[in-house]
Amino acid sequence: MTLTPQDVIALEQRYIAPTYKRAPMVFERGEGVWLYDTEGRRYLDFVAGIAVNALGYGHPEMLAALEAQARKLIHVSNLYHTIPHVLLARDLCEASFADRVFFCNSGTEANEGALKFARKWARTRTGNEDKYEIVTFSNAFHGRSMGSLAVTYNEKYRKPFEPLIQGVRWAEFNDLESARRVIWHQTAAVIVEPVQGEGGVQPATREFLAGLRALCDEYGAALIFDEVQCGLGRTGTLWAYEQYGVEPDIMTLAKPLGGGLPIGAILMKEEIASVLAPGDHGSTFAASPLITAVARTVFNTIKAPDFLASVRRVGEYLGQKLRDLAARHPAVVREVRGRGLMWGIELAETRQPADVVEAGYAHGLIVAPAGRNTVRLVPPLIVQAEHVDQAVEILDRIFGQMGETG
Ligand SMILES: *Cc1c(COP(=O)(O)O)cnc(C)c1O
């Protein structure tokens, strides 16, 4: 049975819980940085499944790892040892600040676990039962489960589901003074994205992250970097924190780690891991041999110096092209911000990101909104300069049309 796009949309509206407003096309396959819909239309993909499909679509080595491991063993549970599990953990630790890893299935779960580990560590270490507070920041996005949601800024996401977890304190992103007002001896953890993603593509300043590190050291709190979106090569270095010269105690990963398969990870220093014992945390699906084998291929591909150099080179090119674009359309674009291949185009006050996203679909370009007034570009990390030229040309046309219509 072949379904028309109208059939698919009708089924979605009849059977799918209405938590998403989906785009009007139906995707069927992908190749490199291109997506194809069921009508045979081609789209240049600058969203990559929201910074997930780092190697694009149909990457041969990733597919080979997937097929080989699927034939051997897909899942056995964390009650048993498998080889891909330990090798991926070793690779992640050897390439980062971390000593140990806990695997999970998503970004929100990674943050959920990070908050749990930080609370247990803070209490165990001090014997202070009241040391459970978590400090988070304006425009932060950490996920949708009750703990991660409690430290996510957008009220619209939180309000209908309150009460969430207790002990959350808020401060202003990139405002160290505001953080100093809420970090004290009862703080267990400070959670922050080195480059905010959903909140509007906003890099932290060096002084801010360095100041948080010092405050966490002063008050014995764990510094958690949420690199779910900005980690794993996205900003041009393997980890975003490398560009700041500041190391966390815990770091969460997810989006690109499985190249499209669901996996999250909590990386931590030995000191954090040392308070954990069997039974403290768990997951049925996590760390399966299938996903960890694929993730290891994805990770080692991204980690290669030539690959990261290409992300930096194409990323700088994209940044330059976007700054030129902003200069050509001052009535539409307010500012462009970003690092590596993670860019936000903040629109002028009266402009809607949704209009740019929809016009993109009509022109064969996929972009996504972020925050209230920003268009986000997070293409596959394999994107090349020629694709940047094509994407910026389309945006130039869209902004030109928007500028004419006032
Ligand atoms: C997407 C995202 C999350 C949540 O990840 P899910 O896999 O959707 O649960 C958490 N933190 C950041 C920074 C993210 O971008």
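Just so it is clear, the model here is predicted, and its values are computed rather than measured. (Residues numbered from 1 in each chain as written. Predicted model: local features only at pLDDT ≥ 70, side-chain atom pairs only at ≥ 80, totals over all residues. Heavy atoms only, no water.)

### Observations regarding the overall build of the protein chain
No. 1: Of the regular secondary structure elements, the protein chain holds 14 helices and 17 strands.
No. 2: Principal-axis analysis of the C-alpha atoms gives the protein chain an extent of 65 × 55 × 45 Å.
No. 3: The buried share of the protein chain, taken over its 406 residues, is 54%.
No. 4: Counting only contacts in the protein chain whose residues sit at least 6 apart along the sequence, the fraction spanning at least 24 positions is 72%.
No. 5: As displayed, the protein chain offers around 18400 Å² of accessible surface, 53% of which is attributable to carbon and sulfur atoms. (Helix = DSSP H or I, 4+ residues; strand = E, 2+ residues; numbered from the N terminus. Buried < 20%, exposed > 50% of the residue type's maximum accessible area, 1.4 Å probe, protein only. Contact = heavy atoms within 4.5 Å. Areas by Shrake-Rupley, 256 points an atom, 1.4 Å probe, with all protein chains shown as cover.)

### Looking at the site of the ligand
No. 1: As a matter of local geometry, the ligand sits amid 13 residues, with Gly107, Thr108, Asp226, Gln229 and Lys255 nearest to it.
No. 2: Contact distances for the ligand include 2.8 Å between an oxygen atom and a backbone N or O atom of Gly107.
No. 3: A distance of 2.7 Å separates a nitrogen atom of the ligand from a polar side-chain atom of Asp226.
No. 4: Burial of the ligand by the surrounding chains reaches 81%, relative to a free accessible area of 380 Å².
No. 5: In terms of residue count, helix H5 (residues 107-126) provides more of the shell around the ligand than any other element does, three residues in total. (Near = heavy atom within 4 Å. Polar contact = N/O pair within 3.5 Å; in protein donor to acceptor, adjacent residues only side chain to side chain.)

### Quick look at the packing of aromatic side chains
No. 1: One pass over the structure, following the stated rule, counts eight aromatic pairs.
No. 2: A centroid spacing of 5.4 Å and a plane angle of 90° characterise the contact between Phe27 and Tyr43, whose relative ring orientation is edge-to-face. With a gap of 16 residues between them, Phe27 in strand E1 (residues 27-31) and Tyr43 in strand E3 (residues 42-45) connect regions that are remote in the sequence.
No. 3: Using a relative accessible area of 3% as the deciding quantity, one classes Tyr43 as buried.
No. 4: Judged by centre distance (5.8 Å) and plane angle (65°), the ring pair of Tyr153 and Trp170 falls under edge-to-face. With Tyr153 in the loop between helix H6 (146-150) and helix H7 (155-158) and Trp170 in strand E6 (residues 168-171), the pair connects residues that are 17 residues apart, well separated along the chain.
No. 5: Taking relative accessible area as the criterion, Tyr153 reaches 36% and is therefore assigned partly exposed. (Phe/Tyr/Trp six-rings, centres within 6.5 Å; stacked < 30°, edge-to-face > 60°.)

### A few points about the side chain of Asp37
No. 1: Along the chain, the position of Asp37 falls in strand E2 (residues 34-37).
No. 2: Buried charged residue Asp37 carries no salt bridge. Nearest counter-charge: Arg41, at 5.2 Å.
No. 3: One polar contact links the side chain of Asp37 to the main-chain amide nitrogen of Glu39, over a distance of 2.9 Å.
No. 4: A distance of 2.8 Å separates the side chain of Asp37 from the side chain of Tyr43, its partner in a polar contact.
No. 5: When sequence neighbours within four positions are dropped, the list of residues in contact with Asp37 reads Met25, Val26, Phe27, Glu28 and Tyr43. (Lys, Arg positive; Asp, Glu negative; His and termini not counted. Salt bridge = Lys/Arg side-chain N within 4 Å of Asp/Glu carboxyl O.)

### Re the environment of Val392
No. 1: Turning to its location among the elements, Val392 is positioned in helix H14 (residues 385-404).
No. 2: On the basis of relative accessibility, which here comes to 4%, the residue Val392 falls in the buried class.
No. 3: In this structure the C-alpha to C-alpha distance between Val392 and Ala370, which are 22 residues apart in sequence, comes to 18 Å.
No. 4: Ignoring sequence-local partners within four residues, the contact set of Val392 consists of Leu318, Lys321, Leu322, Leu325 and Arg328.

Functional significance is not addressed by these values, which are geometric in nature.
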